[in-house]
Amino acid sequence: MAELKQTSDDILKTLTSEEKIIYGKRFQKRFDEIKRLYTEMYNNSTMFSELCEAMELYYAMRPAELKKMDMARESDPAWYKSQKMVGMMLYIDKFADNIKGVQRKLAYLEKAGINYIHLMPFLDTPQGKSYGGYAVKDFRKVRPDLGNMKDLDVLTSACRKKNINLCMDFVMNHTSDEHIWAIRARRGESEFMNRYLIYDNPVIPRMFDDTVPQIFPTTAPGNFSYIPEIDHYVMTSFHHDEWDLNYANPRVFNEMIYNFLFLTNRGIDVMRLDALPYIWKELGTRCYDNPQVHTLVRMIRIISEIVCPGVVLLAEVVNEPDKVVHYFGTAEKPECHMLYDATNMAITWHTLATRNCKLLKKHLDMVNGIPKDYTFINYLRNHDAIGWRLDYQTLAEDGINEKDHKQYLNDYFRGFTDNSNSRGDLYNDDPKAKPSRICGTTASLSGIERAGFEGNEPMMEQSIKVDILLHSYLFMRTGMPIIYSGDEIGATNDYSYKDDPEKQDDCRCLHRGRMNWENAGKVDNEDTVEGKIFSALCKLEEIRKNHRAYSPYADTWTMETWDAGTLAMGRYYDGEKIIGVFNFTEDDRVAWINEDDGDYVDLISGNTMKASGVQVPAYSFCLLKKDFNEEQ
């Protein structure tokens, strides 16, 4: 706040009369609740007054273009739920070297049908120990090799002109040990020591360890790290160089809000709240999903609705959808706008490996029962490894043992079983830290890498079908589909990380390879792997964007196919019905559905057919559409 206090009067003078009225109405509408929440949490009127003053200042500093966007989105609050939203997750340096490079590639992203980009962490981090960019050294500075804040401003402006939305990670749980707060804490300055969970002996840390599970027991064992400069211990839940913040201190909350507003004023559309359930630490608890987390998130939501209501909050909460819906809040007191369906990835790959859709069908039935106002992000792959978080109670009904099944899945996706063409690798391959997780690109896990290496054309044809099948299922889901950069051209594993001493121990780099722009240049040639996958995904995107049944408010359901290897899903909205039938096996199958309401048109082949006894070739799918409005 120091930099703002010096110029606050001048900043506030820039507000027009109309802006003052708009801000005043937003503030007064929400004032009583945020005051109550802040008082219950901190009981500090001075800090609350400072927060309120800062909110108005950040609103005053918000560019006029963003204020205009805010007002448009206030009148269309469900804009981010649109079926026209298709996302891509990418690392800036891997995709296009730097932020300016990303701007130069916006035309390519448009061509790929992308209008939502999740930029993986790009804020300043210590060289050589950033853990994927989550050890933030400075929340107001871009990593120097990627550019600067001016470059970010230019990129966000260019994206707005193309109706492309930008998402960034806001790392709330911790800072780098090289952040200025940590540096001053190591000097023994009490004000900054109090911004972390720092103790002068190991007694309390050991008490925390009694109830707090270790997140990375192999790569970062323990929940605390020793600070030799002051002979103290600091909580470091994720990595030894990432110091957990103390949100019981109102100064921490206020300052992190100021960082949040600074970044949203750069033009960021979606703020991904990283490691959100971990931010409140309390002795005697798991330090995960404590009630205070929701109070903090609710305050963030209120603040954003006052200062930057066009911004969406995305929570990173890794669990089954029905176990995380409380992070949406309630209709009267909403918290986050969007969450991830984090278990969908594992269940999808499990389905491919087992040729059995039972678990996937049960998962979809559960998701279909969640209120339609809730929006999930769906993906086949992300930046992390695939952990086998599955419903083993259901699998046990078929005699499947958890330990053995995890071993089978890991073997399958490494290509160690006779029925697999996959080429993946294990993350955390340590006998003491079982079970390990699987790494690999969608294409490599689908068999494209092996087929290409062996020059096996029939295998390549099948593997491409597998890749497209998985994406067809992804695009059939309600919610926003996100593809990982390179998946649109069938990018395979990048093994070059093994030559980099700083990365060779993290096999997640296997699927975080550099974008091959030479291969991306082949997308218009449908005789190539790249062209076949790119064109297929573009077609799926167009179907999704242009058919009413893909509305986020559509009725959705699964259908019994009487064949374990096939999945059937229905969607209905405003007189249009679409049935997706997916064959997860290498054999031709018949899905024994029986919809006796007339002829359907397959949106893939164009053929007219009945939605009964549907024949689906190996690793193929059909999207059967019927428009009842046309019959009236």
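Attention in this report is confined to the structure presented alongside it. (Residues numbered from 1 in each chain as written. Predicted model: local features only at pLDDT ≥ 70, side-chain atom pairs only at ≥ 80, totals over all residues. Heavy atoms only, no water.)

## Here we look at the overall build of the protein
When you go through the protein residue by residue, the secondary structure sums to 24 helices and 23 strands. Computed over the C-alpha atoms, the radius of gyration of the protein is 25 Å, within 12% of the 26 Å expected from 2.2 N^0.38 for a compact globule of 632 residues. For the protein, the C-alpha atoms occupy an extent of roughly 70 × 60 × 45 Å along the three principal directions. Taken across its 632 residues, the protein has 61% of its residues classed as buried. At a minimum sequence separation of 6, the contacts of the protein that also span at least 24 residues come to 71%. Working note: accessible area of the protein is about 25700 Å², and carbon and sulfur atoms make up 48% of it. Side chains of the protein carry 77 positive and 97 negative charges; the gap between the two charge centres is 3 Å. (Helix = DSSP H or I, 4+ residues; strand = E, 2+ residues; numbered from the N terminus. Rg over C-alpha atoms; globule rule 2.2 N^0.38 Å. Buried < 20%, exposed > 50% of the residue type's maximum accessible area, 1.4 Å probe, protein only. Contact = heavy atoms within 4.5 Å. Areas by Shrake-Rupley, 256 points an atom, 1.4 Å probe, with all protein chains shown as cover. Lys, Arg positive; Asp, Glu negative; His and termini not counted. Charge placed at Lys NZ, Arg CZ, Asp CG, Glu CD.)

## Points about helix H4 (residues 45-61)
Its 17 residues place the ends of H4 24 Å apart at the C-alpha level, agreeing with the 24 Å of an ideal helix rising 1.5 Å per residue. Those residues of H4 not exposed but buried are Met47, Phe48, Glu50, Leu51, Cys52, Ala54, Met55, Leu57, Tyr58, Tyr59 and Ala60. The N-capping residue of H4, defined by a side-chain oxygen 3.2 Å from the backbone nitrogen of Thr46, is Asn44. (Expected span 1.5 Å × (residues − 1). Polar contact = N/O pair within 3.5 Å; in protein donor to acceptor, adjacent residues only side chain to side chain.)

## Overview of the packing of aromatic side chains
Enumeration over the complete set of coordinates arrives at 33 aromatic pairs. Relative to Tyr80, the ring of Trp79 has its centre 5.9 Å away and its plane inclined at 85°; by these criteria the two rings are edge-to-face. For the pair Tyr108 and Trp517, a centre-to-centre distance of 4.9 Å together with 80° between the ring planes defines the contact as edge-to-face. Here Tyr108 is found in helix H8 (residues 106-111), whereas its partner Trp517 is found in helix H23 (residues 517-520), with 409 residues between them in sequence. An aromatic cluster is built from Tyr23, Phe27, Phe31, Tyr38, Tyr42, Phe48, Tyr59 and Phe253, whose rings are joined through pairwise contacts. (Phe/Tyr/Trp six-rings, centres within 6.5 Å; stacked < 30°, edge-to-face > 60°.)

## Description of a nonpolar patch on the surface
A cluster of nonpolar side chains, Val203, Met207 and Leu283, forms an exposed patch at the surface whose accessible area comes to about 250 Å². Tracing the backbone through its elements, the reader meets Met207 in helix H12 (residues 203-209). (Patch = residues over 30% accessible without salt bridge, like charges linked within 9 Å, V, L, I, M, F, W, Y side chains within 5 Å. Salt bridge = Lys/Arg side-chain N within 4 Å of Asp/Glu carboxyl O.)

## Side note on the sheet that holds strand E14 (residues 375-379)
Ordered in space as E1-E2-E5-E11-E12-E13-E14-E17, the eight strands form a closed barrel in which the pairing is parallel. For this sheet the average axis-to-axis angle between neighbouring strands, irrespective of direction, equals 25°. Where strand E2 (residues 116-119) lies against strand E5 (residues 165-171), four bridges are found, and the strand directions are parallel. Among the inter-strand pairings, Ile117 is bridged to a residue of E5, identified as Leu166. Along the sheet, helix H13 (residues 250-264) contacts E5, strand E11 (270-274) and strand E12 (312-315); its crossing angle with E5, the most-contacted strand, is approximately 160°. Against the sheet, helix H22 (residues 457-476) makes contact with E14 and strand E17 (480-484), and its axis sits at roughly 150° relative to E17, the strand it touches most. (Pairing = 2+ DSSP bridges. Axes fitted to C-alpha atoms, helices over the stretch in contact; angles between N-to-C directions.)

## Focus: the packing of helix H3 (residues 17-42) against H4
At a closest axis distance of 12 Å, the pairing of H3 and H4 adopts a crossing angle of 155°. By the criterion of interaxial angle, the relationship of H3 to H4 is roughly antiparallel. Between H3 and H4 lies a crossing whose hand is right-handed. Of H4, the residues touching H3 (which contributes Glu19, Ile22, Tyr23, Arg26, Phe27, Phe31, Ile34, Lys35 and Tyr38) are Met47, Phe48, Leu51, Cys52, Met55, Glu56 and Tyr59. (Parallel < 35°, antiparallel > 145°, perpendicular 65-115°, else oblique. Left-handed = near helix turned anticlockwise from the far one by under 90°.)

## Some words on the pattern of salt bridges
Within the structure shown, the criterion is met by 48 salt bridges. Across the pair Asp391 and Lys362 runs a salt bridge whose closest N-O atoms are separated by 3.0 Å. With Asp391 in the loop between E14 and helix H18 (392-396) and Lys362 in helix H17 (residues 358-368), this pair connects stretches of sequence that are 29 residues apart. Here Asp391 falls in the partly exposed class, since its relative accessible area comes to 26%. Take Lys362: its relative accessible area is 43%, and that puts it in the partly exposed class. For Asp563, the salt bridge goes to Arg589, with nearest N and O atoms at 2.9 Å. Remark: Arg589 occurs in strand E21 (residues 589-602) and Asp563 occurs in the loop between strand E18 (555-559) and strand E19 (566-573); sequence separation between them is 26 residues. Relative accessible area serves as the criterion here: at 23%, Arg589 is assigned to the partly exposed category.

## Thoughts on the side chain of Asn223
Within the fold, Asn223 resides in the loop between H12 and strand E8 (224-227). At 3.0 Å, the side chain of Asn223 forms a polar contact with the side chain of Asp209. At a separation of 3.1 Å, a polar atom in the side chain of Asn223 contacts the main-chain carbonyl oxygen of Val212.

## Structural notes on the state of the cysteines
Structurally, a disulfide amounts to a covalent bond that connects the sulfur atoms of two cysteines. Tallied over the full model, the rule gives zero disulfides. For the unlinked cysteine Cys538, the closest cysteine sulfur is that of Cys159, found at 18 Å. A relative accessible area of 19% places Cys538 in the buried class. (Disulfide = S-S within 2.5 Å.)

## Overview of the side chain of Arg508
Structurally, the position occupied by Arg508 is in the loop between E17 and H23. Residue class for Arg508 comes out buried when judged on its relative accessible area of 12%. Polar contacts involving the side chain of Arg508 include one to the side chain of Tyr427, which spans 3.3 Å. Among the polar contacts listed, one links the side chain of Arg508 to the side chain of Asp506, at a separation of 3.0 Å. If near-sequence neighbours (up to four positions away) are discounted, Arg508 is found in contact with His383, Asp384, Ala385, Tyr427 and Cys439.

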